[in-house]
Amino acid sequence: MVLLTLMAAITVGVVRLRNLFAVVVLGGIYSFLMASVMIVLDAVDVAMTEASVGAGVSTVLMLGTLYLTKTEETRPAHTPLLPLVVAGITGIALVYGSFALPPFGVADAPIHMHVAPYYLENSLRDTLVPNVVTSVLASYRGYDTLGETAVIFTAGIAVLMLLKGRRDVKPGPKRKRVRR
Amino acid sequence: MRLDIVFRVAAKMFIPFILVFALYVQFHGDFGPGGGFQAGVMAGAMVIFYAIIFGLEAAQRIVPPRVVELMVPAGVAIYAGVGVASMLLGENFLNYSPFAHDPAHGQEYGILLVEAGVFVTVSGTMTVIFYTFVGRGR
Amino acid sequence: MAILEQTVAHYNHWVMIFLMISGLYIVVARGNMVKKLVGLGLFQTSVYLLYISPGKILGGTPPILGEGLGPYSNPLPHVLILTAIVVGVATLALGLALVVRINESFGTIEEDEIFAEEDDT
């Protein structure tokens, strides 16, 4: 609960700050907090991934982009009133909906009734792998993981296509600086 | 950064352990938390760390971009190849049962192979993305 | 007392909702492309929380089987989110690559300035 509150506090910082460098560093802290929350919620595999991906690789990529672009955000031209109202209404609707959800941590919630007991009971017999997450990931739901791997492959190829090769500097109206 | 001896020595000490830990996470994923995704990201992070401390050229001498770009499709090929192999052995696509004398052992080997494919793709993609971003900046 | 009970039972949902609407607000209200991607990441992590937190059983252990352990928390959301995180960083990298290209051809990553420049030409 303390961790979740800390995460909410960091989110306020992310929303308010205008220096993108600070925002990215706060994002790294946020990811580490998220990883701690995942450990508390018994998702050790997810925590490991979040700590290495969210706090490690994506922070480095964001900083690399900031190095290539610029680190200060301009003041927004529009008033943020309309987005605020939209976000507020969405939030109220979601809170109203949350009362119908099963309370946190009970063992007889619908999510624990369907396929999860099958995985937990049969994983060791079917695959000899005690870590159920691994056996579900690679064996029971192997198609999913093949698809995810293909998505990562596609994203890697797309980044290569966008950024590799010569930077074509074309003079003309497109390249002129914009007035502030 | 390049001249800072503390960083260089510390990096030299850390990097082998990061690589060993990534391989541990990869092969111990059956018994504890871990697996191909996490290990791949860690291996990619090791290359990124090395490139940050010692410069992009030094990193690309050790892990050439050509190899990394080959790793990206190779992992998917390993994964799909395991599926095709199981089909050729008379089972459904991605059903690993016929890989060993009894189905459960077959599943274990299949999971190991598939995780290796995931590892190759993920580590290759992370490294390749970092190389292209940094290569753009100069 | 009833309010306190509701708070304990739904605190995870409420924090999740707060993170989600903050991400939504950043994506809609801010013109800076990198900030928009950060907001998208916030929204994404709130979805991770939405998936993982119902899978927890109070007093449960991580789903790694062993003698005398249990009950185990639900492994299925862990699997789904595990892959979602890695796919998330791949798509984030794609978005950042697009931002870099936009910066190269327009000289800015602010939405309003790009629109102004489009109108000029």
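Residues numbered from 1 in each chain as written. Chains lettered and ligands numbered in written order. Predicted model: local features only at pLDDT ≥ 70, side-chain atom pairs only at ≥ 80, totals over all residues. Heavy atoms only, no water.

## Considering the packing of aromatic side chains
Residue and element names in this part refer to chain B. Quick note on the threshold: Classification of ring pairs uses Phe, Tyr and Trp, with its six-membered ring standing for Trp, and accepts pairs whose centres are within 6.5 Å; under 30 degrees between planes counts as stacked, over 60 as edge-to-face, and the remaining range as tilted. Strands here are runs of E lasting at least two residues and helices are runs of H or I lasting at least four, both read from the DSSP assignment and numbered beginning at the N terminus.
In the structure shown here, the tally under the stated rule is three aromatic pairs over all chains. Geometrically, the ring pair formed by Phe21 and Tyr24 is stacked, given 6.1 Å between the ring centres and 25° between the ring planes. Highlighted residues: Phe21 and Tyr24, both in helix H1 (residues 5-27), separated by three residues, approximately one helical turn.

## Focus on unusual backbone geometry
Residues and elements named next belong to chain A. What counts is decided by this rule: Type-normalised accessible area, obtained with a 1.4 Å probe on protein chains alone, sets the label of each residue: buried when under 20%, exposed when over 50%, and partly exposed for intermediate values.
With phi around 70°, Asp42 is a residue other than glycine that occupies positive phi space. The residue Asp42 is located in the loop between helix H2 (20-40) and helix H3 (44-68) in this model. Exposure remark for Asp42: the relative accessible area of 6% places this residue in the buried category.

## A short note on the packing of helix H5 (residues 103-136) of chain B against helix H3 (residues 75-106) of chain C
Operational definition: Note on geometry: axes are lines fitted to C-alpha atoms, helical ones only across the stretch in contact, with angles between N-to-C directions running from 0 to 180 degrees. Roughly parallel refers to an angle under 35 degrees, roughly antiparallel to one over 145, roughly perpendicular to one between 65 and 115, and oblique to any angle outside these ranges. Note: crossing handedness is left-handed where the near helix turns anticlockwise from the far helix by less than a right angle, and right-handed where it turns clockwise. Whether two residues touch is decided by their heavy atoms; if any such pair falls within 4.5 Å, the residues are in contact. Basically, the charged four are Asp, Glu, Lys and Arg, the nonpolar ten are Ala, Val, Leu, Ile, Met, Phe, Trp, Tyr, Cys and Pro, and anything else, Gly included, counts as polar.
With their axes 11 Å apart at the nearest point, H5 of chain B and H3 of chain C run at an angle of 15° to one another. Here H5 of chain B lies roughly parallel to H3 of chain C, going by the angle between them. Helix-helix and strand crossings are classified by hand; for H5 of chain B and H3 of chain C the assignment is left-handed. In contact with Val122, Met126, Ile129, Phe133 and Arg136 of chain B of H5 of chain B, H3 of chain C contributes Val86, Val89, Ala93, Leu96, Ala97, Val100, Arg101 and Glu104 of chain C. A class-by-class count of the residues in the contact of H5 of chain B with H3 of chain C yields ten nonpolar, no polar and three charged.

## Comments concerning helix H4 (residues 111-120) of chain C
What sets the pattern is the α-helix's 3.6 residues per turn: residues three or four places apart point alike. Residue and element names in this part refer to chain C. Condition: What the arc measures is the spread of directions leading from the helix axis to the C-beta atoms.
For H4, the full list of buried residues reads Glu113, Ile114 and Glu117. All buried residues of H4 fall inside an arc of 100° around its axis, so they share one side. Against helix H2 (33-55) and H3 lie the buried residues of H4.

## A word on the domain arrangement of chain A
The line we're drawing: Marked domain ranges trace back to an automatic or database domain assignment.
Taken domain by domain, chain A holds domain 1 (1-73) and domain 2 (107-166). For domain 1 of chain A versus domain 2 of chain A, the distance between C-alpha centres works out to 24 Å.

## Considering the nonpolar core
Counted only if it meets this: We define the nonpolar core as a collection of buried residues of types Ala, Val, Leu, Ile, Met, Phe, Trp, Tyr and Cys that are connected through side-chain atoms lying within 4.5 Å of one another.
Of all hydrophobic cores here, the largest spans 107 residues; its most connected members are Val14, Met38 and Met62 of chain A, Val122 and Phe133 of chain B together with Leu49 of chain C. When residues in this core are grouped by element, the largest group, 16 residues, is from H3 of chain C. Each of domain 1 (1-73) and domain 2 (107-166) of chain A gives at least three residues to this core. Those residues in contact with Val14 of chain A that sit more than four places away from it in its chain are Val23 and Leu26 of chain A together with Ile26, Lys35, Val38 and Leu42 of chain C. Counting residues in each nonpolar core, the second largest holds eight residues, with Val25, Ala39, Ala43 and Phe119 of chain B among its members.

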